[in-house]
Amino acid sequence: MRVSVHGCGYLGAVHAAALARLGHEVVGIDVDPARVAALAEGRAPFFEPGLAALLAEPGGAGSLTFSTDVAHAGVADVHFLCVGTPQSAGSGVADLQQLEAALAALRPHLRPGSVVVGKSTVPVGTAARLATDLPDGVRLAWNPEFLREGHAVADTLHPDRLVYGVPDDGDALVERLDAVYARLLDDGVPRLVTDLATAELAKVAANAFLATKISFANAVAEVCEAAGGDAVALVGTMALDRRIGGEYLGVGLGFGGGCLPKDIRAFAARARELGVGPAVSFLDEVDAINDRCRERAVVLARTACGGSLAGRRVAVLGAAFKPDSDDVRSSPALALARALAAEGADVVVTDPQALALAQAAAPELGYAADAREAATGADVVVLATEWDEYRDLDPGALADVVRSPRLVDARNAVDGARWRAAGWDVRSLGVAAPRAARPQSSSPTA
Ligand code: UGA
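Residues numbered from 1 in each chain as written. Predicted model: local features only at pLDDT ≥ 70, side-chain atom pairs only at ≥ 80, totals over all residues. Heavy atoms only, no water.

**Some details on the overall build of the protein chain**
Each helix and strand in the protein chain was counted, giving 19 helices and 14 strands. Computed over C-alpha atoms, the radius of gyration of the protein chain comes to 24 Å, within 12% of the 22 Å expected from 2.2 N^0.38 for 446 residues, which places it in the range of a compact globule. With the principal axes as the frame, the protein chain shows a C-alpha extent of 75 × 45 × 40 Å. With 446 residues in all, the protein chain has 54% of them scored as buried. (Helix = DSSP H or I, 4+ residues; strand = E, 2+ residues; numbered from the N terminus. Rg over C-alpha atoms; globule rule 2.2 N^0.38 Å. Buried < 20%, exposed > 50% of the residue type's maximum accessible area, 1.4 Å probe, protein only.)

Below you can see the structure in the form of structure tokens.
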């Protein structure tokens, strides 16, 4: 099929490349010339494992081109809208300007029989509104995307489910989408056909649930810190209950990125507009628990340094909002680094992939090329993003370069016993203060 993809960011670039892999003739459209130039040369404009390989060699019978000129989309039969829907400045409401602009640019190139498919995350009701304003003979479906950054290629080519939101008389739209995803359907991927509103909500409800699960674990962690329990062990007991499962119960610094934080706020804002705000007002609490994770991590670092961070050198390992990504949007790691700096610490941040974006977002912080450089002379090392290379650090070697071997493991990522054996004072979220500081005898007082 001939397909166009509008918006070539974390979602659209992967979607375009994956559709080419599935055998389609794909053109990706983006307003950013630098991004289009990189993609056209087969280079991924951001870090996403597997994307570069897919761009270089989509494979199969498909083809993949990119352009800033939306006229190139005119040949396509199906047009996917994959632009960002960020949080509006000053409110939780989703900002739909990019979506409106992409559709306005595409409109002159639509013809009877064209199908527009929204993949962006939108407030419920958006699709029905957009559908009323299309040229004659053009239909609209909503097909939310559930990919995770860092796993985007696999999630797109092997999704858990496909959701098609279509209007009442949408059989032709279902057929068209089935043709787009024929290979995935052949692989047995479940496909659910819903109305437009349900499909829009399917995405935000899933993200809200994931955020709630994460904050539940971190809320329990706060109780453990007060009560003397161990939250990591506790969620381990919950995870074995098949009704609960262990995913998204990580005790640590909480969620960030371009999706979960803004999606729970947009969901709550839309519910308020619909007069059902109380139904999801718990999401405000989910947000607040998430914010407190960073505050609690600052307390751990401050306590480790004897009560004040002023003038202390702090190495922050990780700037990306999660491992295997260079994305620093609403990054808990970067927020923590800023909060530490606000207490007067001399903060040096490092990250395997996100350094350039972190530096652009927070130029006031110090940066280092790797963990060893960041940790040199540090009074405390804070593990903020659980990249494998930080989990695998040699605590003995790192102890040689720090000023004091103190680790705040804000992601519960390392083997604490191994680090303690190498002389480190290890503190982590979710355990009571005396145990967080264990062993007391190794706590240096520099
Ligand atoms: C999320 C959803 O997982 C995707 O299904 C969805 O398609 C996507 O948003 C989107 O809306 O486009 P993503 O933002 O890429 O994907 O990242 P996740 O892997 O879900 O992680 C989100 C945040 O939660 C990260 O900061 C991660 O560190 C944090 N997290 C995750 C925890 O703090 N604890 C956990 O146990 C799991």
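Still more ground to cover, so stick around.
**Comments concerning the pairing of strand β14 (residues 425–428)**
Residues D425 and R427 line one face of β14 and the alternating positions V426 and S428 line the opposite face, and both faces are buried. Of the strand pairs in this sheet, strand β13 (residues 406–409) and β14 are connected by 4 bridges, and their pairing is parallel. Along β14, the bridge assignment pairs D409 with S428. Crossover handedness for the path β13 to helix α18 (residues 416–421) to β14: right-handed. (Pairing = 2+ DSSP bridges. Right-handed = clockwise from strand over helix to strand, strands pointing away.)

**Some thoughts on the nonpolar core**
By size, the foremost hydrophobic cluster in this structure holds 55 residues, and its most contacted members are V314, V316, L336, L340, V347 and V381. Those elements that provide at least two residues to this core are α12 (282–304), β9 (313–317), α13 (332–342), β10 (346–350), α14 (355–361), α15 (371–375), β12 (380–383) and β13. Among the nonpolar cores identified, the runner-up in size contains 42 residues, and C8, A17, L64 and V117 belong to it. (Core = buried A, V, L, I, M, F, W, Y, C linked by side-chain atoms within 4.5 Å.)

**Here we look at unusual backbone geometry**
The backbone of Y248 shows a phi angle near 60°, a positive value even though the residue is not glycine. As for its position among the elements, Y248 is in the loop between α10 (231–239) and α11 (260–273). Unlike most non-glycine residues, S330 shows phi in positive territory, near 45°. As for its position among the elements, S330 is in the loop between β9 and α13. Classification of S330 as partly exposed rests on a relative accessible area of 42%.

**Observations regarding the pairing of strand β4 (residues 78–81)**
With burial as the criterion, each face of β4 is covered, one bearing V78 and F80 and the other bearing H79 and L81. Where strand β1 (residues 2–6) and β4 come together, 4 bridges link them in parallel fashion. Looking across to β4, one finds that H6 is bridged to L81. Alignment of β4 against strand β5 (residues 115–118), held across 4 bridges, turns out to be parallel.

**Notes on the site of the ligand**
Close to the ligand lie 21 residues, the nearest being L147, E149, N207, Y248 and K322. L249 places a main-chain nitrogen or oxygen 3.4 Å from an oxygen atom of the ligand. Contributing elements (two or more residues each) for the shell around the ligand: α9 (196–227) and α11. Examining the composition of the shell around the ligand, we find that 4 residues originate from one element, α9, more than from any other. (Near = heavy atom within 4 Å. Polar contact = N/O pair within 3.5 Å; in protein donor to acceptor, adjacent residues only side chain to side chain.)

**Considering the sheet that holds β13**
With respect to topology, 6 strands assemble into an open sheet ordered β11-β10-β9-β12-β13-β14, the strand pairing being parallel. If you trace the sheet from one side to the other, it starts and ends with β11 (366–367) and β14, each paired once. In terms of strand pairing, β9 meets β12 through 4 bridges, oriented parallel. Bridge pairing in β12 places L317 opposite L383.

**Structural notes on a negative patch on the surface**
A cluster of like negative charges, contributed by D370, E373, E389 and D392, occupies part of the molecular surface. Position of D392 among the secondary structure elements: in the loop between α16 (388–391) and α17 (395–399). Judged by its relative accessible area of 58%, D392 falls in the exposed class. (Patch = residues over 30% accessible without salt bridge, like charges linked within 9 Å, V, L, I, M, F, W, Y side chains within 5 Å. Areas by Shrake-Rupley, 256 points an atom, 1.4 Å probe, with all protein chains shown as cover. Salt bridge = Lys/Arg side-chain N within 4 Å of Asp/Glu carboxyl O. Lys, Arg positive; Asp, Glu negative; His and termini not counted. Charge placed at Lys NZ, Arg CZ, Asp CG, Glu CD.)

**Examining the packing of α11 against α12**
Taken N-terminus to C-terminus, the directions of α11 and α12 make an angle of 155°; their axes are 9 Å apart at the nearest point. Judged by the angle between their axes, α11 and α12 are roughly antiparallel. When the axes of α11 and α12 are compared, the crossing they make is left-handed. Along the contact surface, α11 presents I264, R265, F267, A268 and R272, while α12 presents L283, D284, V286 and D287. By residue class, the composition of the contact of α11 with α12 is 5 nonpolar, no polar and 4 charged. (Axes fitted to C-alpha atoms, helices over the stretch in contact; angles between N-to-C directions. Parallel < 35°, antiparallel > 145°, perpendicular 65-115°, else oblique. Left-handed = near helix turned anticlockwise from the far one by under 90°. Contact = heavy atoms within 4.5 Å. Nonpolar A, V, L, I, M, F, W, Y, C, P; charged D, E, K, R; others polar.)

**Points about the confidence of the model for the protein chain**
Model confidence for the protein chain is summarised by a mean pLDDT of 95, while 96% of its residues fall at 70 or above. In the predicted structure, residues 437–446 sits below a pLDDT of 50 and forms 23 contacts with residues beyond four places in sequence or in another chain. (pLDDT = per-residue confidence, 0-100.)

**Let's talk about the side chain of E200**
Position of E200 among the secondary structure elements: in helix α9. Despite its burial, E200 remains without a salt bridge, the nearest opposite charge being carried by R270 at 7.4 Å. Residue contacts for E200: discarding those within four places in its chain leaves V122, P123, V124, G125, T126, A127 and W142.

**Structural notes on the state of the cysteines**
All chains considered together, the criterion is met by 0 disulfides. No disulfide involves C82; its sulfur sits 8.0 Å from that of C8, the nearest cysteine. With no disulfide of its own, C224 lies 13 Å from the sulfur of C293, the closest cysteine sulfur. (Disulfide = S-S within 2.5 Å.)

**Details of the pattern of salt bridges**
Side chains that differ in sign of charge can pair as their charged atoms come close. Going through the model one piece at a time under the given rule, you end up with 25 salt bridges. With its nearest N and O atoms 2.7 Å apart, the salt bridge here joins R329 to D327. According to the relative accessible area criterion, R329 is partly exposed, its value standing at 40%. Classification of D327 as buried rests on a relative accessible area of 2%. Put simply, R2, D77 and R111 are held in one network by salt bridges that share partners.

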